[in-house]
Each structure stands twice: as C-alpha cells, then as structure tokens.
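Structural characterization, general
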Amino acid sequence: MHRWRFIGVIAALGLCLTSYPCAVSAEPAYMSVVREYVDSLVRPMIAKPMIRAAIKEQNAKFSDVSSMDIQVLDNTYRSEIKSGQWQMVSRLLNNPVSRYLKSEQDDSQGTIVEIFVTDRHGLNVGQSTVTNDYWQGDESKFLRTFGRNTDEIFIDRADRDDATQLLQTQASFIVRDEGGEAIGTATVTIAIDAL
C-alpha cells in the first residue's frame, strides 16, 4: 500500500516538475500566428528592391547624422503632428515607399493597421500611416532587432486599441541588403482579431 502511495507521489511530483517550466516559458498563442504571418506575407512585401534602395539612400543621406540632429528631426515631426501643419510629414507620406506600404496595408483586409520601415538610425524611410514619431531608434522594436543584429522577429505585447477596440501587436524585424548587411528595420502593427 505504501509503495503505491510513494509511486503516486513521485508521479505527481514528476508531472509538476515537467509542466512547471512549460507554463513559465510558454508564449502567448497569438505570437506563433503573428510570426507566421510576418514570415509568409510581410517579409516578402518588404524585400522589394525599391524599399532596399530607399533605405540605402537615406543611410547615405544621414551617414554622419548626430544624436542632436536626430532629436531635431523627431521634434519637428512631432510638432507637425500636433499643429496639423504637415510639411515633413506630407513629404514622407507621399514618397514611393510610403505609397507602396499604404497600398499593401489597404490590401490586407484590415489585418495590417500600420507598417513602416526605418534606416539604420531608426529614422522612418516610409510609412503607411502617420506614426507617433519619426525616430524609432530608442524603442524596443529597434533595439531588440537592429540593435542585436538578429533575424528573429520581435513581437511586442498585445493590447486593445482604445479607439478601434482591436486587439493588436507590433512585430519588427531587420531589413538586410542583398549582401546580408543590416540596413534598417520594418515594423508592422497587426490586428490579431483579423488574422
């Protein structure tokens, strides 16, 4: 009798030990679906010569940009958003990369809420909609991809948008040139409810 009780305790303990690490390390279910969507649809969308060329061109233009210059650019962009007097914002939204990204967003049937690409400093090169800021270089989406030179997709925590009530998340990854060098990043905001 004691022997069977002992075996039962050992089996229960073993079950607890094997399931405990899984519960701690398990990722939310939406992450695998988002990762698959990005790998199968978004990466190919971004791997266009036009996008790579635009990122390279901006990298060359801002080859010696200082952190103070970056702050000025970002502050200018933010002040235009607040004032509604768009010059820098309009130029950015009307460039060929932004128009292409807007078209891809429109074709996604509500799955893509926003998509943008940056240069190697984290400055926007093209965007499908108006972003909150021009510089992404101080944010996790840039630091955990470009900053680590990793090809892993960084998927942020999902939350419900106050205005639309859509459950959404951002996924970011490095954009590389034809030789494999990291030249910028891409970030896509995905409506999980639409997947």
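So, here's what we can say about the structure.

Glancing now at unusual backbone geometry. Its identity as a non-glycine residue notwithstanding, Q109 has a phi of 55°, on the positive side. Position of Q109 relative to the elements: it lies in the loop between α6 (96-107) and β1 (112-118). According to the relative accessible area criterion, Q109 is exposed, its value standing at 75%. Even without being a glycine, N149 presents a positive backbone phi close to 50°. Relative to the assigned elements, N149 resides in the loop between α7 (140-143) and β3 (154-155). Exposure remark for N149: the relative accessible area of 47% places this residue in the partly exposed category.

By the definition in use, this model includes 2 aromatic pairs. Here Y77 and Y134 contribute two aromatic rings whose centre-to-centre distance is 5.8 Å and whose plane-to-plane angle is 25°, an arrangement assigned as stacked. With Y77 in helix α4 (residues 67-83) and Y134 in the loop between β2 (124-127) and α7, this residue pair connects regions lying 57 residues apart in the sequence. Of the two residues, Y77 and Y134, neither departs from the other in class, the shared state being buried. Where F142 meets F146, the ring centres are 5.1 Å apart and the plane angle is 20°; that geometry is what we call stacked. Taking the relative accessible area as the measure of exposure, F142 reaches 7% and is therefore buried. Across from the ring centre of F173, 4.7 Å away, lies the NZ or CZ of R43, which sits over that ring.

Relative to the 18 Å expected for 13 residues at 1.5 Å per residue, helix α3 (residues 49-61) spans 18 Å between its end C-alpha atoms, a close match to the ideal helical length. For α3, the set of buried residues is I51, I55, Q58 and N59. Taken end-on, α3 shows its buried residues confined to a sector of 105°, consistent with a single buried face. Those residues of α3 that are exposed and angled more than 90 degrees off the buried face are P49, E57, A60 and K61. Lining the buried residues of α3 we find α2 (29-46), α6, β1, β2, β5 (167-176) and β6 (182-191).

Core analysis: the largest hydrophobic core is formed by 28 residues, its most contacted members being V38, I46 and V117. Among the secondary structure elements, those contributing two or more residues to this core are α2, α3, α6, β1, β5 and β6. Broken down by element, this core gets its largest block of residues, 8 residues, from α2. Setting aside chain neighbours within four positions, we find I46 in contact with I51, L101, I115, V117, F173, V175 and A186. Ranked by size, the runner-up nonpolar core spans 11 residues in total, among them F62, M88, L123 and Y134.

Within a regular strand, side chains alternate between the sheet's two faces. Counting buried positions along β1 yields 6 of 7 residues, so the element is predominantly enclosed. Examined bridge by bridge, β1 and β6 share 6 bridges and lie antiparallel to one another. Bridging across to β6, F116 finds its partner in T187. Bridge analysis of β1 against β2 gives 3 bridges, and the strand direction is antiparallel. Its bridge partner lying in β2, V117 is registered against G126. Hairpin remark: β1 followed by β2, antiparallel, with 5 residues in the connecting loop; positive phi at G122, about 95°.

Cut-offs used in this document
Residues numbered from 1 in each chain as written. Predicted model: local features only at pLDDT ≥ 70, side-chain atom pairs only at ≥ 80, totals over all residues. Heavy atoms only, no water. Helix = DSSP H or I, 4+ residues; strand = E, 2+ residues; numbered from the N terminus. Buried < 20%, exposed > 50% of the residue type's maximum accessible area, 1.4 Å probe, protein only. Phe/Tyr/Trp six-rings, centres within 6.5 Å; stacked < 30°, edge-to-face > 60°. Lys NZ or Arg CZ within 6 Å of the ring centre and 35° of its normal. Expected span 1.5 Å × (residues − 1). Arc of directions from axis to C-beta. Contact = heavy atoms within 4.5 Å. Core = buried A, V, L, I, M, F, W, Y, C linked by side-chain atoms within 4.5 Å. Pairing = 2+ DSSP bridges.

Take it as geometry only, folks, not as evidence of what the structure does.
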